[in-house]
Amino acid sequence: MANRLTTTAGNPVADNQNSLSAGPRGPLLMQDYQLLEKLAHQNRERIPERVVHAKGWGAHGTFTVTHDITQYTRAEIFSEVGKKTDMLARFSTVAGEMGAADAERDVRGFALKFYTGEGNWDLVGNNTPVFFVRDAYKFPDFIHTQKRHPRTNLRSNTAMWDFWSLSPESLHQVTILMSDRGLPTAPMYMNGYGSHTYSFWNDKGERYWVKFHFKTRQGHLHLTNAEAAEVVGQTRESYQEALYGTIEKGEFPQWTLFVQIMPETDAEKTSYNPFDLTKVWPHGDYPLIEVGVMELNRNAENYFTEIEMAAFSPSNIVPGIGFSPDKMLQARVFSYADAHRYRLGTHYEALPVNRPKSPVHHYHKDGSMRFFDNFNENPDAYYEPNSMNGPQEDPSVAEPPLRISGDAERYNHREGNDDYTQPGNLFRLFNDEQKQRLFSNIAAAMEGVPDEIKLRQITHFAKADPAYGEGVAKAVGLSVPT
Ligand code: HEM
C-alpha cells in the first residue's frame, strides 16, 4: 500500500478508528502506544505565541530590483537591476492574542525576510514610520499598557492614556494610530516602514544612513470604527481572508520600495536626532529614492510551519546593511533572537522557513532540535581555529568602522527633544473630515479614562496644534486646560 498510515517511528498502523481495550466496553490497555502517541502529540501542538504581534497573516513572495543603488550599498540583494530575491512577509497586530479579531485599531507589524545570496536580511517594521517610545527601557512598560489588566483581565484605556500622557514622545505615533491609517482594511492596503534608521555601506567602505519605505501599490483603504465593528461582527479573520484570498485568485499584491539616504556626517547637522524613532526625516531634505518592487505571490502550504514558526529578527543583517546608534534598534538586536530561542528552540534558524538559501557554516553544536547533519563538510572541524579546513572568517565583509563618542551615562531622553512639531505637522496635513474622525477615534479610545488623565493628554495635543487640543477636548466634553 503506497500511502500506508504509520506511527512517527514508521510502524504501520492497522486500525486508526478503535482504541485497544479489554473487552468491547473497555477499559483501555496501557500498551496502546498508538493512542498514547496520538494524545501526547496533541498536547504538544501549541508553542508559546509571540509575546507581541501574536495575530498575524503572511505569504511568500519575490523582491525585484528596478533601480541601481549600488553607490550606497554593496548588499547582494541590490547588486543589479532585474535581480530577484525570494522573500517572506508576515503582517500582524501588536496587542491582540492569537485569536484576536483582525479589524482592530492597532499598529500593524510589517515583517520581511529576504533570502539573499549572503544570508537572510530581515526588516522587521511596522505600517508606521515612527514608534511610541524612543528608549527600549520603556518598551516592556508600554506593552503592559496594551495587554490585559492583571485583575480585570481586560484591556485598559486608562493604562494606555496614563502611560501616553506621561510619555509625550508617544504623541506622533498616537496621532497616526488614531487617524485613518490606524485601521487599514487589509494588509494589501497599507505601507510598510523599516521605521528605524539603518545604515548602508558600499564597496568603498562609505557609510550612509538609510530609512526604508514600502509603499502599497493597491492604494490605502481604511475602516472607520463603525465599519470595523460591523466587519468583526461578521468575521474575526478579515485580514487572513483578504490576503489569502487575493493570492489564491492570482491577484498578487505589490509594494514599491523606496529609501531615504542621509550622508553619514549629516547626522551631526540635522535639527532633530536622526536616530530618534519618534521622528521622521523630512522628505524635502531626504527625498524618496526608488529601489524595487516586492510582490506576494504564494500562500503557505502549512500556516504553522511557514508563518507561525517564522522567526524575524533585526539582528539578521547582511554585508552592505548595518545598524545605527538608535537605542531602540540596538535593544531589538538582542530581543528577537532571544525570543526565538524561547519560543521556537535553540536551532530555530534551521527550520525550513528560517533556513537561509545561501550556504550556512557555523560551529554551534548541540541542543534541542539538533535534527540536521553536520554543517561543515569535515566533521573533524568542530572547533575553531583548526587545521581541518573548517569554515573561516572573511575580512572582506567587515563593516567600515563606526565613529561614536560620549561618556557612559543614563541620558534623559526627554530633555531637549521636540515632541510636538512633527505630530502638529501631521495633524495639519489632515482635511476636516480626517480631523473629525481623529477626534472621535480618540474620544472612543478614552472611554472610561479619568478626566485628570484626559486633560493631561489634551495638553499635549494642544501643544502640537491648538486646534488638535480643542477638537479632542470638545469630543470628550472637556475644555483645553489653560
Ligand atoms: C515582534 C520585541 C519594538 C515590530 C516582537 C517580539 C518581540 C519584540 C520579543 C516577538 C518575536 C517573536 O516571538 O518572534 C521588541 C522590543 C522592542 C520592539 C524589545 C523595542 C525595544 C518594535 C518596533 C517595531 C517592531 C519599533 C517596528 C518598527 C515588530 C514586529 C513583530 C515584532 C513586526 C512581529 C514579527 C513577526 O511577524 O514575527 N517584538 N519590539 N517592534 N515586533 Fe517588536
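Reading the values: the criteria
Residues numbered from 1 in each chain as written. Predicted model: local features only at pLDDT ≥ 70, side-chain atom pairs only at ≥ 80, totals over all residues. Near = placed C-beta within 6 Å. Helix = DSSP H or I, 4+ residues; strand = E, 2+ residues; numbered from the N terminus. Nonpolar A, V, L, I, M, F, W, Y, C, P; charged D, E, K, R; others polar. Domains from an automatic or database assignment. Contact = placed C-beta atoms within 7 Å. UniProt positions renumbered as here; feature names shortened; annotations may be inferred. Buried ≥ 20, exposed ≤ 12 C-beta atoms within 10 Å, placed from the backbone. Expected span 1.5 Å × (residues − 1). Arc of directions from axis to C-beta. Core = buried A, V, L, I, M, F, W, Y, C linked by C-beta atoms within 7 Å. Axes fitted to C-alpha atoms, helices over the stretch in contact; angles between N-to-C directions. Parallel < 35°, antiparallel > 145°, perpendicular 65-115°, else oblique.

**Things to note about the site of the ligand**
As a matter of local geometry, the ligand sits amid 27 residues, with His53, Arg90, Gly109, Ala136 and Ser195 nearest to it. The dominant element in the shell around the ligand, judged by the number of residues it contributes, is helix H8 (residues 327–343), at 8 residues. Along the lines of polarity and charge, the residues of the shell around the ligand split into 14 nonpolar, 9 polar and 4 charged.

**Topic: the domain arrangement of the chain**
Each domain of the chain was delimited in the assignment, giving domain 1 (56–144 + 185–350) and domain 2 (420–476). Once you take the C-alpha centre of each, domain 1 and domain 2 turn out to be 28 Å apart. Taken together, the contact pairs 4 residues of domain 1 with 4 residues of domain 2.

**Description of the UniProt feature "binding site: heme" (unreviewed entry) in the chain**
Sequence positions flagged by UniProt for "binding site: heme" (unreviewed entry) are, in local numbering, Tyr336. The exposure class assigned to tyrosine 336 is buried, which follows from the 20 C-beta atoms found within 10 Å. Beyond its immediate sequence surroundings of up to four residues, tyrosine 336 is in contact with Val124, Phe312, Ser313, Pro314 and Ser315.

**Quick look at helix H10 (residues 432–445)**
Helix length check: H10 (14 residues) gives 20 Å between terminal C-alpha atoms against 20 Å at 1.5 Å per residue, within 8%. Of all the residues in H10, the buried ones are Leu438, Phe439, Asn441 and Ile442. Buried residues in H10, looked at end-on, bunch into an arc of 165 degrees, giving them a common side. The outward face of H10, more than 90 degrees from its buried face, is lined by the exposed residues Asp432 and Glu433. Tucked into the core, H10 has its buried residues touching helix H4 (171–178), helix H5 (225–234) and helix H12 (466–475).

**A few points about helix H11 (residues 451–464)**
Here H11 contains 14 residues, and its C-alpha end-to-end distance of 20 Å stays within 8% of the 20 Å for a straight helix at 1.5 Å per residue. Those residues of H11 that are buried lie in contact with helix H3 (157–165), H4, helix H9 (421–429) and H12.

**A word on the environment of aspartate 465**
Along the chain, the position of aspartate 465 falls in the loop between H11 and H12. By C-beta crowding, aspartate 465 is classed as buried, having 20 other C-beta atoms within 10 Å. Note: C-alpha distance between aspartate 465 and valine 174 (291 residues apart in sequence) is 14 Å. Residue contacts for aspartate 465: discarding those within four places in its chain leaves Gly424, Phe427 and Arg428.

**Some words on the nonpolar core**
Counting residues in each nonpolar core, the largest one holds 54 residues, and the members touching the most others are Met87 and Ala89. When sequence neighbours within four positions are dropped, the list of residues in contact with methionine 87 reads Gly61, Thr62, Phe63, Leu112, Lys113, Phe114, Tyr115 and Met294. Val107, Trp161, Ile176 and Phe427 belong to the second-largest nonpolar core, a separate cluster that totals 26 residues.

**Considerations on the packing of helix H2 (residues 139–146) against H3**
For any two helices packed against each other, the geometry is given by the interaxial angle and the distance between the axes. Interaxial distance between H2 and H3 falls to 7 Å at its minimum, and their mutual angle equals 150 degrees. One finds that H2 runs roughly antiparallel with respect to H3. Where H2 abuts H3, its residues Asp141, Phe142, Thr145 and Gln146 lie against Ala159, Met160 and Phe163.

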